[in-house]
Amino acid sequence: MLGLRLLIVFASAFVCTTNASGEQVLLQSEIAPEHADHSLLSPSFHAFVEEVRKNVSFPLGIAVGAVQLSDNGQQPKTYVHAWGQKTEDGDGNDLTTDTLFAMASCSKAFLATSVGLLIDDFAHARNVTPLPSGTTRLDWDTKIAALLPDEWQLDDVWTTRFASIRDVLGHVSGLPRHDFSYKAQDSPQDVVLRMRHLPTAYELREKWSYNNQMYVLGSYLIAKYANTTYPLFVNERLFSPLNMTTTTVWTSVANSTGKLSQAWSREGRRIPYWFRDDMAYFNAGPGGVISSVEDMIKWLAVLINKGVAPVSGNPIVPATVIEAVTTAQNVVIGQPTPKYGEGLVGYGMGWERWSYDGIEVVSHTGGIPGFSSHTAFSPSNKVGVVILINADEQSKPAMQILKRAFAELLNRPSSLSPLPEAPPEVPCHAVESAGEPLSLDLDAYTGTYTSSGYGSITLCSADSDSPYCADVLSDFASLGPVTGPSPRLYSAYTSLWSTHARLRHRSRNTFGFTFTALFPHGYGKNTTAFESYETGEAEGWAEFVVDANKVTGFSVILDDAAAVARGRRTGGTAREIADAWFTKL
């Protein structure tokens, strides 16, 4: 219902909000884009961004925002600028600083902060919602089993019993991504209940392993113990107090403003905005926030100022919450890398923490089909930067822009040059077989399979003649021949990120496997067929098990590190190491 979408656009420069003590206060609009200091980043920075754009083979749209606070937290200096295209009907320079982009995983910081606000409400008796029997407190170390006693369960008894809020939001639950297990129509409770059917890979706190679903769980906790939905909570407690007037989690609301950017794939094909309104309840936490650089620098300014609004001095977020979510608890990368520099990379909750060239950085990246984002701030240097791009898989250009912006904001020399566009990677499904032949005829591998965590999938060969397979083959035929030197299998497979799946034979009973989204009739002005999928994350391999000359099932492995970890703890069979095991019906 429209009433629940609650994007409130304030005509006044003042909004009513609640301070940390629960009192109603007036918060003055802190950062006005018309007062942006365009000298904060130099003409050479503009030229750098333009060069980054030119090194991509299609007219990329990039928006950059920066904020710098003085030591006394007075009126911040800000910078916002936009380059390139917003729509395919525009002149190629129609992107503006109030253009709305998908924040993707930069949304996680809002969820983690919201959980912190809920914890603070309980600590100060502003929320007295009854907790389950035997649970006396709600804090970062409260066990998920204590809060969701009838719903939370993983395949590891120890993890089920002892995993805390801090663990699941810090990505050390032991459960890897499993991003193709959830569907667009899922509720948060659906996602939580399905976790028991998804194989873990690590013991609790053994290894950092990214998992979007734990941020769905976080939003579910808010809904359960704040007696509201997460979309309403984050709007009331963060977007509105921060005067982020066009930030929302509702696609229809963003569309209605006329400010939402169109989206492009990494190959420059226009694709639809990926999220619908009915996905917001489960997807807002891990990746559903929609915002602009104008709004995001307001968020960064308050984070830099330890939760207090610059100028007015009104508290928005308790400093203890910001400290909790930005303090690194777990190691993401334990050795120096070219990307992050000489230090290590740690993770708090919704934020990474690292240092580069002596600059302390708290940041998070984001990427969904059609959009890339990078949000970062340096608490000790009181600067923040946000980069928003309307095409997917642009993390390298975004990181280049971030480093160049920090160097300029802090008066550091920079020898960075824009990277030339990387040659396209050869997708796994394009690699033809050079291995041993199949154990059985290809038809023996076709048919319907089911997985408790991933649902059902029906595999078709080019010779399959059912109406279902005819439709599947027609979709794939729009991209090119469905036969080739190596045996191939095809399926429709609907998840949040995919419409289909492709298998191409490698050797014996092993196939390369790709979850993909097909557009048989193109999209936008270009009506030629194409596909879109995330490089690496959507690609893996499948191993079929043959017993007594019959296929009994197959494993899918998308996360090699998780498969190796499972292999160390088990006998290492195809079923034991799999991200998903599909039994043949």
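Preceding this section is the structure that the text describes.
In this text the structure is predicted, and so the values were computed from the model without any measurement. (Residues numbered from 1 in each chain as written. Predicted model: local features only at pLDDT ≥ 70, side-chain atom pairs only at ≥ 80, totals over all residues. Heavy atoms only, no water.)

When helices and strands are tallied, the protein chain shows 16 helices and 23 strands. Counting over 585 residues, the protein chain shows a buried share of 57%. Taking the intrachain contacts of the protein chain between residues at least 6 apart in sequence as the baseline, contacts between residues at least 24 apart amount to 65%. (Helix = DSSP H or I, 4+ residues; strand = E, 2+ residues; numbered from the N terminus. Buried < 20%, exposed > 50% of the residue type's maximum accessible area, 1.4 Å probe, protein only. Contact = heavy atoms within 4.5 Å.)

The next thing to look at is the packing of helix H2 (residues 108-123) against helix H8 (residues 230-239). Geometry of a packed helix pair, given as the angle between the helix axes and the separation of the axes. The geometry of H2 relative to H8 is characterised by a closest axis approach of 10 Å and an angle of 80° between their N-to-C directions. Taken together, H2 and H8 sit at an angle that is classed as roughly perpendicular. Contact residues: Phe110, Leu111, Thr113, Ser114, Leu117, Leu118 and Asp121 in H2; Tyr230, Phe233, Val234, Arg237, Leu238 and Phe239 in H8. (Axes fitted to C-alpha atoms, helices over the stretch in contact; angles between N-to-C directions. Parallel < 35°, antiparallel > 145°, perpendicular 65-115°, else oblique.)

Put plainly, a disulfide is one covalent bond tying together the sulfur atoms of two cysteines. The final tally for this structure, using the stated rule, is one disulfide. In this model Cys460 forms its disulfide with Cys469; the gap between the sulfur atoms is 2.1 Å. Across the S-S bond linking Cys460 and Cys469, the dihedral sits near -80°, which makes this disulfide left-handed. Judged by relative accessible area, Cys469 falls into the buried class, the value being 5%. (Disulfide = S-S within 2.5 Å.)

On the surface, Asp441, Asp443, Asp463 and Asp465 cluster together into a negatively charged patch. Position of Asp443 among the secondary structure elements: in the loop between helix H13 (395-409) and strand S15 (447-451). (Patch = residues over 30% accessible without salt bridge, like charges linked within 9 Å, V, L, I, M, F, W, Y side chains within 5 Å. Areas by Shrake-Rupley, 256 points an atom, 1.4 Å probe, with all protein chains shown as cover. Salt bridge = Lys/Arg side-chain N within 4 Å of Asp/Glu carboxyl O. Lys, Arg positive; Asp, Glu negative; His and termini not counted. Charge placed at Lys NZ, Arg CZ, Asp CG, Glu CD.)

One open sheet holds the eight strands; their spatial order is S4-S3-S14-S13-S12-S11-S10-S9, and the pairing between them is antiparallel. Edge positions in the open sheet fall to strand S4 (77-83) and strand S9 (330-333), since each of these has one partner strand only. On average, each strand axis in the sheet is tilted by 20° relative to the strand beside it, whichever way the strands run. H13 rests against strand S3 (62-68), strand S11 (352-356), strand S12 (359-368), strand S13 (371-378) and strand S14 (383-389) of the sheet, and its axis sits at about 150° to S14. (Pairing = 2+ DSSP bridges.)

Attention now goes to the side chain of His500. In this fold, His500 is placed in strand S18 (residues 500-507). At 3.0 Å, the side chain of His500 forms a polar contact with the side chain of Asp475. (Polar contact = N/O pair within 3.5 Å; in protein donor to acceptor, adjacent residues only side chain to side chain.)

What follows is about the nonpolar core. Counting 130 residues, the largest nonpolar core has Phe110, Trp152, Leu217, Trp299, Phe544 and Phe554 as the members making the most contacts within it. Contacts of Phe554, omitting those with residues within four sequence positions, involve Tyr449, Ile457, Leu459, Phe513, Ala542, Glu543, Phe544, Ala580, Trp581 and Phe582. Counting residues in each nonpolar core, the second largest holds 34 residues, with Leu40, Trp83, Trp264 and Ala398 among its members. (Core = buried A, V, L, I, M, F, W, Y, C linked by side-chain atoms within 4.5 Å.)

Moving on, we come to the pairing of S13. Counting buried positions over the eight residues of S13 gives eight, a clear majority of the element. Neither face of S13 is left uncovered, since the one carrying Phe371, Ser373, Thr375 and Phe377 and the one carrying Ser372, His374, Ala376 and Ser378 both have all their residues buried. Between S12 and S13, which follow one another and run antiparallel, lie two residues, and Gly370 among them has a positive phi close to 100°. As judged from the seven bridges shared by S13 and S14, these two strands associate in the antiparallel manner. Residue pairing for S14: Ala376 is matched across the bridge by Val385. Between the end of S13 and the start of S14, which pair antiparallel, lie four residues, with Lys382 showing a positive phi angle near 55°.

Owing to its 3.6 residues per turn, the α-helix brings residues three or four apart onto one side. Look at helix H7 (residues 213-225): 19 Å from first C-alpha to last across 13 residues, which is about the 18 Å you get at 1.5 Å a residue. Buried residues dominate H7, accounting for 11 of its 13 residues. Among the residues trailing H7, Asn227 stands out with phi positive, at a value near 55°. (Expected span 1.5 Å × (residues − 1).)

This structure, assessed with the given rule, holds 23 salt bridges. Across the salt bridge formed by Arg126 and Asp121, the nearest N and O atoms sit 3.1 Å from each other. Note that Glu151 is salt-bridged to Lys224, the shortest N-O span being 3.5 Å. Here the residue Glu151 occupies a position in the loop between helix H3 (144-147) and helix H4 (157-162), and Lys224 occupies one in helix H7, the gap between them amounting to 73 residues. When salt bridges that share partners are traced, they join Asp120, Asp121, Arg126 and Arg237 into one network.

Right, let's talk about the packing of aromatic side chains for a bit. Following the criterion strictly, the structure yields 30 aromatic pairs and no others. Pairing Tyr449 with Phe554 gives two aromatic rings, centres 4.9 Å apart and planes at 80°, and the pair type is edge-to-face. Taken as a pair, Tyr449 in strand S15 and Phe554 in strand S22 (residues 550-557) lie far apart in primary sequence, 105 residues in all. Given a relative accessible area of 0%, Tyr449 falls into the buried group. One aromatic cluster is present, formed by Tyr445, Tyr449, Tyr454, Phe511, Phe544, Phe554 and Phe582 through successive ring pairs. The lysine or arginine in question, Arg266, covers the ring of Tyr533, its NZ or CZ lying 4.9 Å from the ring centre. (Phe/Tyr/Trp six-rings, centres within 6.5 Å; stacked < 30°, edge-to-face > 60°. Lys NZ or Arg CZ within 6 Å of the ring centre and 35° of its normal.)

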